[in-house]
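# Structure at a glance
For reference, the chains in residue letters:
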Amino acid sequence: MVIPLNGKKIAYFSMEIGVRNDIHTYSGGLGVLAGDTIRSSADLSVPMIAVTLVSRKGYLKQKLNHNGEQKEMPDEWNPSNIMNLAPKTVEVIIEKRKVKIQAWVYEHKSTIGGTVPIFFLDTDVEGNAPEDRRITDSLYGGDEQNRLKQELVLGIGGARMLDGLGYRISKYHMNEGHSALLTLELLQKFDMDIDRVREHCIFTTHTPVEAAFDKFPYDIVEDVVGKEFPVAIIKELGGDDFLNMTRLALNLSGFQNGVTKEHAKLSLKIFPHYAIHAITNGVHSQTWTSPSFHRLFDKYVPGWASDPEMLVRIERAPVCEVWDAHAENKKALMAFIEQRTGEKLDEDVLTLGFARRATGYKRAKLIFSDLRRLREVNKRRPIQLVFAGKAHLRDINGKNLIKEIFWYKQELKDELKVVYLENYDMDIAAKLTAGVDVWLNTPLPPMEASGTSGMKAAHNGVMNFSVLDGWWIEGCIEGVTGWAIGPSPEAAVTEDERRHQELDDLFNKLKYLIAPKYYDERDTWANMMKNSVGKVAYYFNTDRMMRRYITSAYLG
Ligand SMILES: *Cc1c(COP(=O)(O)O)cnc(C)c1O
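The rules we used
- Residues numbered from 1 in each chain as written.
- Predicted model: local features only at pLDDT ≥ 70, side-chain atom pairs only at ≥ 80, totals over all residues.
- Heavy atoms only, no water.
- Pairing = 2+ DSSP bridges.
- Helix = DSSP H or I, 4+ residues; strand = E, 2+ residues; numbered from the N terminus.
- Axes fitted to C-alpha atoms, helices over the stretch in contact; angles between N-to-C directions.
- Contact = heavy atoms within 4.5 Å.
- 1 Å grid on protein atoms, 1.4 Å probe; cavity = no way out; pocket = protein on both sides within 12 Å on 5 of 7 lines; lining within 4 Å.
- Points joined across faces, edges and corners; volume = space filled by probe spheres on them.
- Nonpolar A, V, L, I, M, F, W, Y, C, P; charged D, E, K, R; others polar.
- Near = heavy atom within 4 Å.
- Polar contact = N/O pair within 3.5 Å; in protein donor to acceptor, adjacent residues only side chain to side chain.
- Domains from an automatic or database assignment.
- Buried < 20%, exposed > 50% of the residue type's maximum accessible area, 1.4 Å probe, protein only.
- Right-handed = clockwise from strand over helix to strand, strands pointing away.
- Salt bridge = Lys/Arg side-chain N within 4 Å of Asp/Glu carboxyl O.
- Buried area = accessible area lost by both parts, 1.4 Å probe.
- Parallel < 35°, antiparallel > 145°, perpendicular 65-115°, else oblique.
- Phe/Tyr/Trp six-rings, centres within 6.5 Å; stacked < 30°, edge-to-face > 60°.
- Lys NZ or Arg CZ within 6 Å of the ring centre and 35° of its normal.

Our focus in this paragraph is the sheet that holds strand 18 (residues 438–441). Paired through backbone hydrogen bonds, the strands of a sheet run either parallel or antiparallel to each other. Spatially, 17-16-15-18-19-20 is the arrangement adopted by the six strands of the open sheet, whose pairing is parallel. Of all strands in the sheet, those with a lone pairing partner are strand 17 (418–421) and strand 20 (482–485), marking the two edges. Across the sheet, the mean angle separating the axes of adjacent strands is 20° when strand polarity is ignored. In this structure, strand 15 (residues 350–355) lies alongside strand 16 (residues 383–388), joined through six bridges in parallel fashion. Residue pairing for strand 16: L350 is matched across the bridge by I383. Sheet contacts for helix 13 (residues 319–341): strand 15, strand 16 and strand 17; angle to strand 17, the most-contacted strand, approximately 75°. Against the sheet, helix 19 (residues 495–520) engages strand 15, strand 16, strand 18, strand 19 (463–467) and strand 20, with an angle of about 165° to strand 20.

Next up, the structure:
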């Protein structure tokens, strides 16, 4: 696909980008999505450049002791081992001090398309005050003040860097509100012409509820940004009481979207005066398809990697080959788990996986909330559970969740195997989403704006068993592509009834539908695995997603 932008570029801004596992400047789904966006843009030869922070100490390295207590360490990487410096530095003013910013350039090359350069902004520059050299150390690190400094470096510094390097930009695409200060830089550049700024800006929101928006009190804004831009004008654009980055980005973007249909609907409720579109997320098919499924797809769906829509044709693959491809992944996962934890899981036992950031709304321990029913499920047909996930260092509740799962693991140790893998990252995500039989997701609706790990599972014929929230509202065909936990968002039920029905579905479906199918109806199961590929993965990928961004937003 060639995009006629007259040599102008799409600039993609994201606080986190998961481009490679050894560049750990991501914390979870937002960063992995940014990586997949870049991978598919390169495949499609979109003239894109990406901007992020260098986060030299990464997000965090997780250590868990035998009680599941998390200790976090810096997860350092050295950009100079992997990439070169851009031939330009730029300056911003932070708290009245001049701060120099340099940029490391990484080129992501597609095997089938073009290249997307990624600029990793870095304030660790000679001449900067010692405290300023640490601004870009840790992803989401430090206090609120430091967080705003990081956002200033990303938004204002990033826009200046692209200008300084001579790029002509047709659209600035903000992946979440963290980079929204770039709109102020553009306002200045375009002589305060708001319409011109809007023509240049696209905003993708990822947050479904008001409480979770990125917000800053104005005394901090005055302190950090005051010398760059008049705070009185920021207040008009970003909210009276707080600087709300979502509001700022919405006000100055000509195109805005949520990351699933349901999320766009919810966002419209919060911001009724904006035209918020829906572009449902995806994952990069080639990246998240395991080697065994690669071979299977190559054999029965040639051309799938550059055109994942073709995966509808997986129907042609014989069920035994689908089953064998999965068995290979399951065996590899069990070997990996044994090597990491010393624990031996059984290849013949129905295995459920749950891995994502350890934070309250994801409800990792929901499956343990009725041990009597869980034990009954397991007595009838055995199951085993694999968990992984890091908690943010200040998320006490998230850390407690991990400890509780370790407690349940101990409590159930003579009946049902539970393992928790340390230091969840993209490599582990790939192994888990390919190697378990069922991918479990139990968020508290409507908190999961999208979710993407279930799409990775679908690319490997793994069945989704999930609460009807985020992408699964669009992906679930009950009993065909997987199973739903709890009622649909439209159902006229109270919150209490909803909680009740979630637990009923979780245990009853596991006991009476999922386990019997897995153990006794292999062919039906393998046909459902094909549905997971042909009716889910064919659509929930970033190839389709980027084509939508191109036609709806980039060419707009
Ligand atoms: C895909 C991925 C996520 C996103 O998972 P969700 O289930 O969508 O929250 C988070 N972390 C890593 C490392 C991933 O690869």
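What the second largest pocket holds in volume is close to 240 Å³. Surrounding the second largest pocket, 15 residues form its lining, S290, P291, A430, K431 and A434 being those nearest its centre. Listing elements by their share of the lining of the second largest pocket, those giving two or more residues are helix 11 (285–288), helix 13 and helix 16 (426–435). Partitioning the lining of the second largest pocket into residue classes produces six nonpolar, seven polar and two charged.

This part takes up the site of the ligand. Around the ligand there are 15 residues in total, and R356, K362, T452, S453 and K456 lie nearest to it. Interatomic distance of 2.6 Å between a backbone N/O atom of T452 and an oxygen atom of the ligand. Here an oxygen atom of the ligand sits 2.4 Å away from a polar atom, N or O, in the side chain of S453. Here the shell around the ligand is composed, by residue class, of six nonpolar, five polar and four charged. A domain-level breakdown of the shell around the ligand finds at least three residues from each of domain 1 (10–279) and domain 2 (285–540).

Note on placement: S179 falls in the loop between strand 9 (169–175) and helix 5 (182–189). What makes S179 buried here is its relative accessible area of 1%. Leave out the neighbours within four places in its chain, and S179 touches F13, L154, G155 and M174.

Let's shift gears to the pairing of strand 15. Across the six residues that make up strand 15, a large majority, six, are buried. Across the two faces of strand 15 the burial is the same, with L350, L352 and F354 and T351, G353 and A355 all buried. For the crossover from strand 15 across helix 14 (residues 371–380) to strand 16, the handedness is right-handed. As judged from the two bridges shared by strand 15 and strand 18, these two strands associate in the parallel manner.

Here the focus is the pattern of salt bridges. Inspection of every chain in the model, using the stated rule, returns 42 salt bridges. Among the ionic pairs, R97 bridges to E131, the shortest N-O distance being 3.7 Å. Here E131 lies in helix 3 (residues 130–133) and R97 lies in strand 7 (residues 97–109), a separation of 34 residues in the sequence. Taking relative accessible area as the criterion, R97 reaches 23% and is therefore assigned partly exposed. Two residues, R381 and D520, come together in a salt bridge whose shortest N-O distance is 2.9 Å. Taken as a pair, R381 in the loop between helix 14 and strand 16 and D520 in helix 19 lie far apart in primary sequence, 139 residues in all. The network of salt bridges with shared partners includes E95, R97, E131, D132 and K149.

The subject of this paragraph is the domain arrangement of the protein. What the domain assignment reports for the protein is domain 1 (10–279) and domain 2 (285–540). With centres defined by C-alpha atoms, the gap from domain 1 to domain 2 works out at 31 Å. Here domain 1 packs against domain 2, burying approximately 2900 Å² in sum over the two surfaces, 55% of which is carbon and sulfur. At the junction of domain 1 and domain 2, the tally comes to two salt bridges. The salt bridge involving K265 is made with E490; its shortest N-O contact spans 3.5 Å. Mapped by element, the contributors of at least two residues to the side of domain 1 that touches domain 2 are helix 1 (29–43), strand 3 (61–64), strand 4 (70–73) and helix 10 (261–270). When the residues that make up the side of domain 1 that touches domain 2 are grouped by side-chain class, the tally is 11 nonpolar, 15 polar and 10 charged.

Let us now look at the pairing of strand 7. For strand 5 (residues 84–85) and strand 7, the ladder comprises two bridges, and the chain directions are antiparallel. Residue pairing for strand 7: N84 is matched across the bridge by V105. Once strand 6 (residues 90–94) ends, the chain turns through two residues before running back antiparallel as strand 7, passing E95 with a positive phi of about 50°. Sheet topology note: the strand 7/strand 8 (residues 115–122) ladder contains eight bridges and is antiparallel. Of the residues in strand 8, the one forming a bridge with Y106 is I118. In this antiparallel pair of consecutive strands, strand 7 and strand 8, the connection spans five residues.

This part covers the packing of helix 13 against helix 20 (residues 522–537). In contact at an axis separation of 9 Å, helix 13 and helix 20 are set at 75° when each is read in the N-to-C sense. Between helix 13 and helix 20, the angle is such that the two are roughly perpendicular. Between helix 13, through V319, V322, W323 and H326, and helix 20, the contact on the second element is made entirely by R522, D523, W525, A526, N527, M529 and K530. Its residues assigned to classes, the contact of helix 13 with helix 20 shows six nonpolar, two polar and three charged.

Between helix 19 and helix 20, the shortest axis-to-axis distance is 6 Å and the interhelical angle comes to 110°. What the angle tells us is that helix 19 and helix 20 run roughly perpendicular. Of the residues in helix 20, those in contact with I514, K517, Y518, Y519 and D520 of helix 19 are R522, T524, W525 and M528. For the contact of helix 19 with helix 20, the per-class residue count stands at five nonpolar, one polar and three charged.

On to the packing of aromatic side chains, then. For the coordinates displayed, the defined rule picks out 22 aromatic pairs. Aromatic side chains W77 and F120 sit 5.7 Å apart centroid to centroid with 70° between the ring planes, which places their arrangement in the edge-to-face category. Here W77, found in the loop between strand 4 and helix 2 (79–82), pairs with F120, found in strand 8; they are 43 residues apart in sequence, far enough to count as distant. The exposure class assigned to F120 is buried, which follows from its relative accessible area of 0%. An aromatic cluster of three or more residues is present, and its members are F354, F368, F387, F406, W407, Y408 and Y420. The ring of F336 is capped by K431, whose NZ or CZ atom sits 4.7 Å from the centre of that ring. The ring centre of Y518 lies 4.9 Å from the NZ or CZ of R522, which sits over that ring.

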